[in-house]
Amino acid sequence: FPSHDIIKEVIRLASIQSEEENKLQSLKDKKQVLIAQLADVNTAIDIQQPIVQQARINLKTAAALI
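The rules we used
- Residues numbered from 1 in each chain as written.
- Predicted model: local features only at pLDDT ≥ 70, side-chain atom pairs only at ≥ 80, totals over all residues.
- Heavy atoms only, no water.
- Helix = DSSP H or I, 4+ residues; strand = E, 2+ residues; numbered from the N terminus.
- Rg over C-alpha atoms; globule rule 2.2 N^0.38 Å.
- Buried < 20%, exposed > 50% of the residue type's maximum accessible area, 1.4 Å probe, protein only.
- Areas by Shrake-Rupley, 256 points an atom, 1.4 Å probe, with all protein chains shown as cover.
- Lys, Arg positive; Asp, Glu negative; His and termini not counted.
- Charge placed at Lys NZ, Arg CZ, Asp CG, Glu CD.
- Salt bridge = Lys/Arg side-chain N within 4 Å of Asp/Glu carboxyl O.

*Asks:* Break down the overall build of the protein for me, citing the residues and quoting the values.
*Replies:* Counting its secondary structure elements, the protein contains 1 helix and 0 strands. Radius of gyration (C-alpha) of the protein: 28 Å, far over the 11 Å computed for a compact globule of 66 residues. Based on the C-alpha atoms only, the size of the protein along its principal axes is roughly 95 × 15 × 10 Å. Considering the protein as a whole, with its 66 residues, one finds that 0% of them fall into the buried category. As presented, the protein carries roughly 6200 Å² of accessible surface, and 64% of it is formed by carbon and sulfur atoms. Each charge sign in the protein was given a centre, from 8 positive and 8 negative side chains, and these centres are 10 Å apart.

*Asks:* Break down the pattern of salt bridges for me, citing the residues and quoting the values.
*Replies:* All chains considered together, the criterion is met by 2 salt bridges. We note a salt bridge from Glu 9 to Arg 12, for which the minimum N-O separation is 2.9 Å. Linking Glu 9 with Arg 12, this pair stays in helix H1 (residues 4–64), spanning 3 residues, or about one helical turn. What makes Glu 9 partly exposed here is its relative accessible area of 34%. Glu 20 is the partner of Lys 23 in a salt bridge, and the nearest nitrogen-oxygen pair spans 3.4 Å. Taken as a pair, Lys 23 and Glu 20 lie in helix H1 at a separation of 3 residues, close to a single helical turn. Take Glu 20: its relative accessible area is 40%, and that puts it in the partly exposed class.

Here is the structure:
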């Protein structure tokens, strides 16, 4: 049978491994949140670009009348 010290070491290492697994999952979860936020920002950019382009055209048209 393994000695008591070896069993304690295996338990200690299993605890460390479990903590590291939890950290990894937390990072993966955070990544998914950030990816979703980035998608929202990209959508907002896509919506805003034609608005800005039209505003530029309107400004140039008005400035040409001066």
